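# Descriptive structure summary
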Amino acid sequence: MKSKILVIGACGQIGSELTLKLRQLFGNENVIASDISYSNLEIVNSGIFEIVDAQNYASIKVCVEKYKIDTIYLMAAILSATGEKYPMKAWNLNMESLFHVLNLARAKFIKKVFWPSSIAVFGTTTPKEYTPQYTIMEPSTVYGITKQVGERWCEYYYKKYDVDVRSLRYPGIISWKTLPGGGTTDYAVEIYHKAITDGFYNCFLTEETELPMMFMDDAIKATIDIMTANKDAVKIRSSYNLAAISFTPKELAESIKKHIPEFKITYTPDYRQDIANSWPKSINDSYAREDWKWKHQFNIEDITKEMLSQLNKKYNPPLNKSK
């Protein structure tokens, strides 16, 4: 019998693409998408969709019982830059939603949970280069604090109540399908849009700000890989380091110029620079690669080629020549 999966926050940047991939793999009838509004019609119209408030335990529980859910992907969150504007709102959403899902698993309403963490758990005192799995974690953002605390609760629920919870520390995610969602690494999405629409981008980070990044296809693959891995193979229950590549805005701009030679970029660092400065430049994800055989597929040139190709279709659709 196939799993019955609920994706909470299915209309968001990662949630939307994860939902579509899960439906492709497990069938539309087995993947229930949910969010607080009908903000992504592709998700709403491609399968079962329910309005679910991630901060309301009863709202989640009703949906779980209605569809006999056994697996939840909790993708609802307020990200780093937005979280700094609304700190208590970010704390409440990010933490309450996690407790609701962990408690549903503890009470045996569901069997398995995925909860995303982030490189935001690290801080200025963390080693910047090839950041190890186990290291100093003193996050400087509300988003990072919620993720660090969440990791500790995930491990606690696993050890104390045998809750099968699995997690990844996502780096910056790059995707052409959805618009940026308020994260510090979102410059690496915005830059492609602006390269095509304006031929110019004013970056909110300095040209030498190196950060860990990943193409969305790799992020989705890693998420499904860890969730389908044998339970015994998942040895870390706080959250796994996850990595693909690292680059600077300058390096990304040079990659774009190979395809759009006239592209120009300027740099006007804002409050997000301080956030970026507190994060690692590169990540050591050897535990993920050893435990459940994680392997990324996209490098910076692959990402640029795919992003520009897909966004060109979006902004410059082919003319309909049929009469």
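Attention here is on the structure that accompanies the text. (Residues numbered from 1 in each chain as written. Predicted model: local features only at pLDDT ≥ 70, side-chain atom pairs only at ≥ 80, totals over all residues. Heavy atoms only, no water.)

### Thoughts on the pairing of strand β1 (residues 5-8)
Side chains of β1 alternate between two faces, with I5 and V7 and L6 and I8 buried alike. Judged from the 4 bridges that link them, β1 and strand β2 (residues 31-35) form a sheet pairing that is parallel. Looking at β2, one finds that V7 is bridged to A33. In this fold, the crossover linking β1 to β2 by way of helix α1 (residues 13-26) has right-handed handedness. Strand direction decides the pairing type here: β1 and strand β4 (residues 71-74), joined by 4 bridges, are parallel. Its bridge partner being in β4, V7 is matched across the sheet by Y73. (Buried < 20%, exposed > 50% of the residue type's maximum accessible area, 1.4 Å probe, protein only. Helix = DSSP H or I, 4+ residues; strand = E, 2+ residues; numbered from the N terminus. Pairing = 2+ DSSP bridges. Right-handed = clockwise from strand over helix to strand, strands pointing away.)

### Digging into the pattern of salt bridges
Under the counting rule described, the total for this entry stands at 13 salt bridges. Note that E151 and R169 form a salt bridge whose closest N and O atoms lie 2.8 Å from each other. With E151 in helix α6 (residues 142-161) and R169 in strand β6 (residues 164-170), this residue pair connects regions lying 18 residues apart in the sequence. The pair E151 / R169 is uniform in exposure class, with both members buried. R289 is paired through a salt bridge with D285; the nearest N and O atoms lie 2.8 Å apart. Accessibility expressed as a relative area gives 27% for R289, which makes it partly exposed. You can call D285 buried: its relative accessible area is 5%. (Salt bridge = Lys/Arg side-chain N within 4 Å of Asp/Glu carboxyl O.)

### What about the sheet that holds strand β9 (residues 211-215)?
On the basis of which strands lie adjacent, the open sheet formed by 3 strands has the order β7-β9-β11 and mixed pairing. Across the chains shown, the open sheet's two edge strands, defined by having one partner strand only, are β7 (172-174) and β11 (245-247). Within the sheet, the average angular offset between the axes of one strand and its neighbour, ignoring direction, is 45°. Both β9 and β11 contribute to a ladder of 3 bridges, which runs antiparallel. (Axes fitted to C-alpha atoms, helices over the stretch in contact; angles between N-to-C directions.)

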